[in-house]
Amino acid sequence: MMTQDERLAGAPEAPEKRRDDRRAFFAAAAGAVAIGAGAFVFSDPVAAQTITEADVLNLALNLEYLQANYYAYASAGAGLGTADTQSGAATPTPGGAIIAGHQATFTDPLVAAYAKEMAADQLAQVRFLRTQLGVAAVAQPVIDLGFAATSAFSVMAQNAGLVGAGAVFDPYASDANFLLGAFFLQDVAVSAYQGVIQLISSKNYQEAAGGLMATEAYHAALVRTTLYQKNLITQAQAISDYRDSIDGGSDDDQGITPVASGAGPVANIAPVDGNANTFPRASGPVLNILFLNRASVKTGGFFPGGVNGNITTSAAS
């Protein structure tokens, strides 16, 4: 295993290139504008459509269902209750089933404490979004949080090269596996909310999304920092590279590999560009990652039956 000094001395220049690439990404993203009182033009030109801001928050709610259940299983061995997963309509639609995980085997009490805090926060976010959306809130879709060789986390780990073809990756088996599973989800959540915020014109919805994004960013930074401290840098980079390979042409994702600077190699806890800005993802690339598929599809990965709402299709990349 490489020493800390060896890792720093050998830090690649690639993250600097990623930061340059993202400046162009931001310039393109700035062209997306809100229209009307509560709708905007979907940013994926392949699937252009006009959708409401409630539709955007419902996509976020799907992501919150996924995260809240993951942390709930890891910290307590059970998913969300019925009241938190059914639709908000007068005659509610029941929430979809969970391909269940199990309580995590934590040996580090700090990681166990982090999992409990994130579980409580994500549940609160689910409830907040459902309250904001009211009768428009969609039900929880079917979510794959299992730990078999064909489950979403295992397929992600196989594709990222963390385990061999057909091998099991159990995100609940250790502190390290839990953190790597959280890393896969948390960075996506932050970029998804940043993409949402720039497309919302309603002040109430904008404030809601901004507050949720801040919480997700705190969680992501905590996960990234803990992975760095536990020397899981190579594994995190493999996950980052995999996300980048399926979310479109922009080389914007970053792991936690140290980067070069004028003052020497530095940690890469915050995945920012040269202006210290993080990057947004449009809904299409978000779904590419969650479906574990770079093609334009409606199902797969963590959502074997797809997501609920009006934004349902990943981007062709």
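As the structure is a computational prediction, the values presented were derived from the model and not from experiment.

Cut-offs and rules
Residues numbered from 1 in each chain as written. Predicted model: local features only at pLDDT ≥ 70, side-chain atom pairs only at ≥ 80, totals over all residues. Heavy atoms only, no water. Salt bridge = Lys/Arg side-chain N within 4 Å of Asp/Glu carboxyl O. Helix = DSSP H or I, 4+ residues; strand = E, 2+ residues; numbered from the N terminus. Buried < 20%, exposed > 50% of the residue type's maximum accessible area, 1.4 Å probe, protein only. Polar contact = N/O pair within 3.5 Å; in protein donor to acceptor, adjacent residues only side chain to side chain. Contact = heavy atoms within 4.5 Å.

A.B. asks: Explain the pattern of salt bridges to me, please; I cannot follow it from the model alone.
C.D. replies: Side chains carrying opposite charge are able to pair once their charged atoms draw close together. Throughout the structure, instances matching the rule amount to eight salt bridges. Measuring nitrogen to oxygen at the nearest pair gives 2.3 Å for the salt bridge that ties E207 to K203. In this pair, E207 and K203 are both assigned in helix α7 (residues 203–229), four residues apart and thus about one turn of the helix distant. When its relative accessible area of 49% is taken as the criterion, E207 is described as partly exposed. In this structure, R281 engages D253 in a salt bridge whose closest nitrogen and oxygen atoms are separated by 2.6 Å. With a gap of 28 residues between them, R281 in the loop between α8 (233–246) and α9 (283–291) and D253 in the loop between α8 and α9 connect regions that are remote in the sequence. As far as burial versus exposure is concerned, R281 and D253 are alike and both buried.

A.B. asks: What is the right way to read the side chain of N62 from this model?
C.D. replies: Along the polypeptide, N62 turns up in helix α3 (residues 53–76). Within the local environment of N62, its side chain forms a polar contact with the backbone oxygen of N308, the two atoms lying 2.8 Å apart. Each residue touching N62, except ones within four places of it in the same chain, is listed here: V138, P141, F303, V307 and N308.

These results come straight from atomic positions and should not be treated as a statement about function.
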